[in-house]
Amino acid sequence: LGYCWGTKSWQHGTMEAFQTLAEVAVAIAGFSSLAIVFRGRSSDWQGQDYVSLAFAMAWSIGSVFLALLPIILGEFGVDLATSSRIGLFCIVIYMLLFGGILTYVRKTVASAEGGAIQLSFGLSLFFCFIVFGALLAATGILPGPPHGWLASAIALLMAHATAELGLLVVNVVRQSE
């Protein structure tokens, strides 16, 4: 159930959508952890495989907390529009922080292994799209309700986590051939 700001009553609307997003993000995180189980011996893993898994986990775990943020802030009396804008700014900060750290780790691991850094141009562009879109929505430049943009940004962040997991699986298949 979701909290309806202004009426102090419960509804099955916007907040339920954020709860559903959080549940889906937990499922993605759980599926990511299955990659560890099915991957086999740790000696089969390359350093960049760990980084891909870290990206998938960071984006899915971050999605859980970001989806729950409006619900938590609502309990403290923050209205939906404000909590959604806060959530959008948090997505920008979260993605830039973790994206920067994990990209640096990926670059460092690639240098240590003597190989090229494994970056996907499409995923990098997708990352920029999410960050830039969330920033525009948080500042009110994009039309529409902020909670719609927040839900969209969280869904895109989960799609990014799924894509990172997909790259990990493809890399695993290539290495086993």
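Computed from a predicted model, the values in this text were never measured in an experiment.

Q: Can you lay out the packing of aromatic side chains for me, pointing to particular residues and giving the numbers?
A: Applying the stated criterion across every chain, the model contains 4 aromatic pairs. Measuring from centroid to centroid gives 5.7 Å for phenylalanine 55 and tryptophan 59, while their planes differ by 50 degrees, and the two rings are tilted. Separated by 4 residues within a single helix, phenylalanine 55 and tryptophan 59 lie in helix H2 (residues 47-75), roughly one turn from each other. When sorted by exposure, phenylalanine 55 lands in the same class as tryptophan 59, which is buried.

Q: Would you mind going over the confidence of the model for the protein in detail, with residue names and values included?
A: Looking at the protein as a whole, the pLDDT averages 79, with 76% of positions reaching at least 70. Predicted confidence is poor over residues 1-12, with pLDDT under 50, and the contacts of this stretch with residues over four places away or in other chains come to 25 contacts.

Q: Got a sec to walk through the nonpolar core? Specific residues and values, please.
A: Inside soluble globular proteins, nonpolar side chains tend to come together where they are buried. Trp59, Leu88, Ile91, Met95 and Ile154 are the most contacted members of the largest nonpolar core, which has 27 residues in total. For this core, the secondary-structure elements that each account for two or more residues are helix H1 (14-39), H2, helix H3 (80-113), helix H4 (121-138) and helix H5 (146-176). When near neighbours in sequence (up to four residues on either side) are disregarded, isoleucine 91 contacts Leu66, Ile130, Ala134, Leu150, Ala153 and Ile154.

About the criteria used
- Residues numbered from 1 in each chain as written.
- Predicted model: local features only at pLDDT ≥ 70, side-chain atom pairs only at ≥ 80, totals over all residues.
- Heavy atoms only, no water.
- Phe/Tyr/Trp six-rings, centres within 6.5 Å; stacked < 30°, edge-to-face > 60°.
- Helix = DSSP H or I, 4+ residues; strand = E, 2+ residues; numbered from the N terminus.
- Buried < 20%, exposed > 50% of the residue type's maximum accessible area, 1.4 Å probe, protein only.
- pLDDT = per-residue confidence, 0-100.
- Contact = heavy atoms within 4.5 Å.
- Core = buried A, V, L, I, M, F, W, Y, C linked by side-chain atoms within 4.5 Å.

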